[in-house]
Amino acid sequence: MADVQFETKPATQFDLFAGLESTNHEQIVFCQDNATGLKAIIAIHNTVLGPGLGGTRMWYYEHEKDAVRDALRLSRGMTYKAAVAGLNLGGAKAVIIGDPKTQKSEALMRKFGRFVNNLNGKYITAEDVGTTTKDMEYVQMETDHVVGLPESMGGGGDPSPVTAYGTYMGIKASAKIAYGTDSLEGKSVAVLGIGKVGWHLLEYLHKEGVKLYVADINQDILAKAANEFGAIVVSIDDMIGLDVDVFAPCALGGILNENTISKLKCQIIAGAANNQLEDEKVHGDKLKEMGIIYAPDFVINSGGLINVYSEYTGYVRERALAQTENIYQTILDINKMAVDHNINNQIAAIKHAEKRINDMMLVKSTY
Ligand code: NAD
């Protein structure tokens, strides 16, 4: 995916329509309200498959340009994630400009909800960095086009266990590719980031008799993982170069870069973190050259999206989990496509998503 280009004008200006054209975005909505201080951008990338679903990020952006760029980049990522997960959803994302710790209020979130409502379901929102389930409850007071609600309100609650299940399925599929069997018994897996997803992933892996290594900046969670799962605690730096079967990045993005890739000794990279490859082409190609099986991040971590989509159609956890299981087959299909076309797995995943969008565009070409 090429990055969003705004660089044709001096730093104080940017060419918005050139940015939209380069990413083929459908619509951008700028929301402004003096009374609540709301400044938000809703970016709708593509609605060929269905309404655009994507969370609302609240962040203190230094420049408005950065907020627009984030909205464009993230909304496009949602299009690919939904397409490859086989959902009838398009891609969108919203950003609210401001400090979530000091500038968020019920009024601001509800005003934002009214803007979402004005889009009549073309955009469905959810929580993201800087927003919470509680914020979505406020949004829901103004619009039905919101997911990620607590179970007490008929929602699916925290999607992390479903994301972890999908990641587990992706690890098993990757093992099938690398070793001819998807049994993980006796295999070694290094999990970087033992947060909401990482913890549930450890549960699945431990149950299957996996030898676990863990790293995190949170020492308490590491001690807990060692205690409950017999996991071996290592430093973050040491984890990158561990001679293990699987490296599962479940913390932040950009972990696969110039500095880390040459140190890798694993056979498989399969984890839940978003945007793992600093550069999808350069670093994806490098992993391919090294013979490492890479499970594309937006495919393996799509369980969370599947979970919230399930909420939109009437939430049933078993259905969300069953649909999440398809990640196993999708990883196999994408790897085959990558081998057949001699391209890296991440690029193959993007092509897989684009193919579905193009195919459905043809389906919709007649009444
Ligand atoms: P989380 O915040 O609960 O956990 C992140 C963990 O990473 C924490 O334990 C934190 O201490 C640790 N961490 C932070 N910085 C670190 C660093 N520099 N080195 C090592 N550890 C570090 O987040 P989560 O919900 O578990 O999500 C994990 C990743 O998966 C994120 O990249 C997220 O975007 C992605 N993801 C999550 C979901 C979901 O359903 N939660 C869905 C899709 C993708």
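Model, not experiment: these values are computed from the prediction.

Caption draft 1: Representation of the nonpolar core in the model. Ranked by internal contacts, the top residues of the largest apolar core, which has 53 residues, are Val-191, Leu-201, Leu-202 and Leu-205. The element best represented in this core is helix α5 (residues 160-179), accounting for 7 residues. Viewed by domain, this core spans two of them, domain 1 (16-146) and domain 2 (160-355), each represented by three or more residues. Excluding its chain neighbours within four sequence positions, the residues that come into contact with Leu-205 are Tyr-168, Ile-171, Leu-184, Val-189, Val-191, Val-210 and Leu-212.

Caption draft 2: A look at the environment of Asp-285. Looking at the element boundaries, Asp-285 is found in helix α10 (residues 282-289). According to the relative accessible area criterion, Asp-285 is partly exposed, its value standing at 23%. Not counting the four nearest positions on each side in its chain, Asp-285 is found in contact with Glu-280 and Asn-344. For Asp-285, the side chain forms a polar contact with the side chain of Lys-281, separated by 2.4 Å.

Caption draft 3: Summary view of the domain arrangement of the protein. Examined at the domain level, the protein breaks down into domain 1 (16-146) and domain 2 (160-355). On a C-alpha basis, the centroid separation for the pair domain 1 and domain 2 is 27 Å. Counting residues at the interface gives 16 residues for domain 1 and 19 residues for domain 2. Taking both partners together, domain 1 and domain 2 bury about 1,400 Å²; carbon and sulfur atoms supply 72% of that area. Contact with domain 2 buries area across many residues of domain 1, yet Tyr-80, Lys-81 and Val-84 alone supply 44% of it, more than any other trio. Where domain 1 packs against domain 2, one counts 0 salt bridges.

Caption draft 4: Local environment of the packing of aromatic side chains. By the definition in use, this model includes 4 aromatic pairs. Pairing Tyr-80 with Phe-298 gives two aromatic rings, centres 6.3 Å apart and planes at 45°, and the pair type is tilted. Here Phe-298 lies in helix α11 (residues 297-300) and Tyr-80 lies in helix α2 (residues 64-84), a separation of 218 residues in the sequence. For Phe-298, a relative accessible area of 6% translates into the label buried. With a centroid separation of 5.1 Å and an interplanar angle of 10°, the aromatic rings of Tyr-168 and Tyr-204 are classed as stacked. One end of the pair, Tyr-168, is in helix α5; the other, Tyr-204, is in helix α6 (residues 196-207), and 36 residues separate them in sequence. Exposure remark for Tyr-204: the relative accessible area of 24% places this residue in the partly exposed category. An aromatic cluster is built from Tyr-165, Tyr-168 and Tyr-204, whose rings are joined through pairwise contacts. The ring of Tyr-179 carries Lys-187 above its face, with NZ or CZ at 4.5 Å from the centroid.

So, how was this worked out
Residues numbered from 1 in each chain as written. Predicted model: local features only at pLDDT ≥ 70, side-chain atom pairs only at ≥ 80, totals over all residues. Heavy atoms only, no water. Core = buried A, V, L, I, M, F, W, Y, C linked by side-chain atoms within 4.5 Å. Buried < 20%, exposed > 50% of the residue type's maximum accessible area, 1.4 Å probe, protein only. Helix = DSSP H or I, 4+ residues; strand = E, 2+ residues; numbered from the N terminus. Domains from an automatic or database assignment. Contact = heavy atoms within 4.5 Å. Polar contact = N/O pair within 3.5 Å; in protein donor to acceptor, adjacent residues only side chain to side chain. Buried area = accessible area lost by both parts, 1.4 Å probe. Salt bridge = Lys/Arg side-chain N within 4 Å of Asp/Glu carboxyl O. Phe/Tyr/Trp six-rings, centres within 6.5 Å; stacked < 30°, edge-to-face > 60°. Lys NZ or Arg CZ within 6 Å of the ring centre and 35° of its normal.

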